[in-house]
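# Structural characterization, general
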Amino acid sequence: MTRPGRKPYRKGGLGCTLFAVRIAILAPAWFPVPPTRYGGIEWVVAILTDGLVDLGHDVTLFAAWDSQTEARLVTSYDEPPSMAIGLALPDLHHALTCYGMAADFDLINDHSGPLAAAVGGSAATPVCHTVHGPLTDDSANVYALLGEVSPQVRLISVSDSQREPLPELPWLATCHNAISFDEYPCDRGDDGYLLFLGRMSPDKVAHHAVRLAQETGLPLKLAGKMHDLTERHHFDTEVRPHLNDQIEYVGEVSHDEKVKLLQRAMATVFPIQWPEPFGLVMVESMACGTPVLGTRFGAVPEVIEDGRSGFIVDRPEEMSEVIGRLGQLDPLEVRRSAEERFSPGRMVADYVAAYERLLALQPA
């Protein structure tokens, strides 16, 4: 199914708004763009797609039918197959919907996953694939093979640290994620609680936030998705036994609820113990004027400006030592740090530069 975009375009130079490059953006099939609840990738895709349209390009978004976009919308399903997330056939069906129309585009930017990137190796149209997940374990093996089987599919990283396990892959660019700052108003208030926002999975280590609350005596609110068995098991064993009047799980929240939680927190706790590729919640928190306490893993040092927008420690156990310094941080300066480095305009410009590089690599 196809929903028309704003207007037709003609092919031309990517950097010139007088002409338009025909760009296909392939989002994951599972959730709408932008998402109503969970979906960090979908937020990034929404900002990128509409930003490219605003520059005057002919953009087609392949995403769930209930997506809201300025681009032309094409979907593979009347209803997003959200309950089948992780299964290969819906993912492949969605990817093939896009690649079946490959001749209609000058380039394709896939955000949906390695399966679609592998299929992209068969397309005559130039393809780049944004890697949104970590390059660890099975994922690293898949991307290593992808680099051998489909080396013409160039890769975009969302942080420099994301590349470290496999620096030899056919990387095209690093494009840090962005948020729409209008959706995250700054609030200089502070209701005195710590906030953990993220999936209730072992790699997000919510239990470290629980321990920090216990050590400091500060209230803690935990919010996030808890759907699959791993998330439920981690929550039931590591978090639920500690819930009380001080430590509260508020469930999976809507965007508006999330913003309110971020605005009124004294700090967002980001105690990861794995190479997080980016960590969009850190930018969301900073946009609301709320500093972030993060551990030195993955992209954390690329996102937090230590001493300006939050504090970075080597181990979660060290977070209690910097709690007393939070009052030194100005909420408006915390937001400025985020605006300077993670604005939609900056991200869209980075992608445009990457697309120009991709097109320049093609044979004459």
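Residues numbered from 1 in each chain as written. Predicted model: local features only at pLDDT ≥ 70, side-chain atom pairs only at ≥ 80, totals over all residues. Heavy atoms only, no water.

To continue, consider the overall build of the protein chain. Summing up its helical and strand segments, the protein chain has 12 helices and 14 strands in all. Relative to the compact-globule value of 21 Å for 364 residues, the protein chain shows a C-alpha radius of gyration of 21 Å, a close match. By its C-alpha atoms, the protein chain is 65 × 40 × 40 Å across when sized along the principal axes. Burial analysis of the protein chain (364 residues in total) assigns 55% to the buried set. Taking as baseline every contact in the protein chain between residues at least 6 positions apart, the subset at least 24 positions apart corresponds to 67%. Of the roughly 15200 Å² of accessible surface on the protein chain, 53% is carried by carbon and sulfur atoms. If you average the places of the 30 positive and of the 49 negative side-chain charges in the protein chain, the two averages end up 4 Å apart. (Helix = DSSP H or I, 4+ residues; strand = E, 2+ residues; numbered from the N terminus. Rg over C-alpha atoms; globule rule 2.2 N^0.38 Å. Buried < 20%, exposed > 50% of the residue type's maximum accessible area, 1.4 Å probe, protein only. Contact = heavy atoms within 4.5 Å. Areas by Shrake-Rupley, 256 points an atom, 1.4 Å probe, with all protein chains shown as cover. Lys, Arg positive; Asp, Glu negative; His and termini not counted. Charge placed at Lys NZ, Arg CZ, Asp CG, Glu CD.)

Quick look at the packing of aromatic side chains now. Using the criterion set out here, one finds 4 aromatic pairs in the structure. Their ring planes at 55 degrees and their centres at 4.7 Å tell us that phenylalanine 235 and tyrosine 249 sit as a pair that is tilted. Of this pair, phenylalanine 235 sits in helix α6 (residues 229–239) while tyrosine 249 sits in strand β11 (residues 247–251), and the two are 14 residues apart along the sequence. Among the residues examined, tyrosine 249 registers a relative accessible area of 23% and is labelled partly exposed. Sitting over the ring of tyrosine 193, lysine 221 keeps its end group 5.3 Å from the ring centre. (Phe/Tyr/Trp six-rings, centres within 6.5 Å; stacked < 30°, edge-to-face > 60°. Lys NZ or Arg CZ within 6 Å of the ring centre and 35° of its normal.)

With parallel pairing, the 6 strands of this open sheet are ordered in space as β11-β10-β9-β12-β13-β14. Edge positions in the sheet fall to β11 and β14 (310–313), since each of these pairs with one other strand and no more. Averaged over all pairs of adjacent strands, the angle between strand axes in this sheet comes to 25 degrees, irrespective of strand direction. In the sheet, strand β10 (residues 220–223) pairs with β11 via 4 bridges, with the strands oriented parallel. Note that in β11 the partner of lysine 221 across the bridge is glutamate 248. (Pairing = 2+ DSSP bridges. Axes fitted to C-alpha atoms, helices over the stretch in contact; angles between N-to-C directions.)

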